[in-house]
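# Fold and geometry: a report
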Amino acid sequence: IDKEKIPSALVRKWGLLPLSEGWTNVPNTLLMAQSKLGITNSEMMLLIHIMSFAHKPDSLIFPSIATLAASMNQHERTIQRTLGRLVKKQLITKTVLSKNASDIGLTNTYNLDPLKAQLSKKKNRHEQSKTDAHNAFYVQLRFLAAKTG
């Protein structure tokens, strides 16, 4: 990686050597919503590993099961089951490229749009809750002011 492309704040935080292989952006909203979204720790780690392959906003994400398993020190079947749960929870979509036994070497592609949509809904609900609480507070203040005034 060209060191000029690494944000200076990251370099100050981590140093150049740890960033030489790149870095992965994980929204704090995802971390804070993990429990509410029902994401287990192994599912979260797999999501983060998948995110690490999303080099550009619209690029295809296509790590192989073997690559993910090796990165996470997991058996390939464990990765497959975890991916299945992420799909079932509608956090990712998976496109299977191999259609038959002769499609050797083709890997699946993964899409994080469902996760992005769920996080956007969570954030909007959170913002609405804050607004509702703020409004309720001022209604109470006005009521108290009218009662004492």
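The rules behind each value
- In every chain, residue numbers begin from 1 and rise along the written sequence.
- Two thresholds apply to this predicted model, a pLDDT of at least 70 for residue-level local features and 80 or more for giving and counting side-chain atom pairs, whereas whole-chain, interface and lining totals are computed over all residues.
- Here the side-chain values reflect all heavy atoms present in the structure, with hydrogen atoms and water set aside.
- Strands are runs of DSSP state E lasting at least 2 residues, helices are runs of H or I lasting at least 4, and numbering of each runs from the N terminus.
- When checking whether two residues touch, look at their non-hydrogen atoms; a contact exists if any pair is within 4.5 Å.
- Each accessible area value is a Shrake-Rupley result obtained with a 1.4 Å probe; residue values ignore everything except the protein chains displayed when judging cover.
- Three labels apply to residues, based on accessible area from a 1.4 Å probe with only protein chains included: buried if under 20% of the type maximum, exposed if over 50%, partly exposed otherwise in between.
- In this context, the arc is that of the directions from the helix axis out to the C-beta atoms.
- When a carboxyl oxygen of Asp or Glu is within 4 Å of a side-chain nitrogen of Lys or Arg, the pair counts as a salt bridge.
- Residues belong to a common nonpolar core when they are buried Ala, Val, Leu, Ile, Met, Phe, Trp, Tyr or Cys residues joined through side-chain atoms within 4.5 Å.

With that settled, consider the overall build of the protein chain. Along the protein chain, the regular secondary structure elements total six helices and two strands. N-terminal to C-terminal, the α/β element order of the protein chain is α-α-α-α-α-β-β-α. Relative to all contacts within the protein chain whose residues are 6 or more apart in sequence, the contacts with residues 24 or more apart total 48%. Just so you have it, the protein chain exposes about 10,700 Å², and 56% of that area is on carbon and sulfur atoms.

For the rest of this paragraph, the subject is helix H4 (residues 65–72). Because an α-helix packs 3.6 residues into every turn, residues spaced three or four apart end up facing the same way. For H4, the complete set of buried residues consists of Ile65, Leu68, Ala69 and Met72. Buried positions in H4, seen along its axis, are confined to an arc of 100° and lie on one side of it. Against helix H3 (41–51), helix H5 (76–88) and strand S2 (109–111) lie the buried residues of H4. Following H4 by one or two positions, asparagine 73 has its phi on the positive side, about 55°.

The full count for this structure, using the stated rule, is three salt bridges. Its salt-bridge partner being glutamate 43, residue lysine 89 comes within 2.7 Å of it at the nearest N-O pair. Remark: glutamate 43 occurs in helix H3 and lysine 89 occurs in the loop between H5 and strand S1 (93–95); sequence separation between them is 46 residues. A salt bridge links lysine 116 to aspartate 113, with the shortest nitrogen-to-oxygen separation between them at 3.4 Å. With lysine 116 and aspartate 113 both in helix H6 (residues 113–148) and three residues apart, this pair spans about one turn of that helix. Residues joined by salt bridges that share partners form a network here, namely Glu43, Arg85 and Lys89.

A word on the nonpolar core. Formed by 23 residues in total, the largest nonpolar core has its most connected members in Ile50 and Leu115. For this core, the secondary-structure elements that each account for two or more residues are helix H2 (28–33), H3, H4, H5 and H6. If one sorts the elements of this core by residue count, H3 sits on top with five residues. Residues contacting leucine 115, with those up to four places away along its chain left out, are Leu30, Leu37, Leu47, Met51, Gln90 and Leu91.

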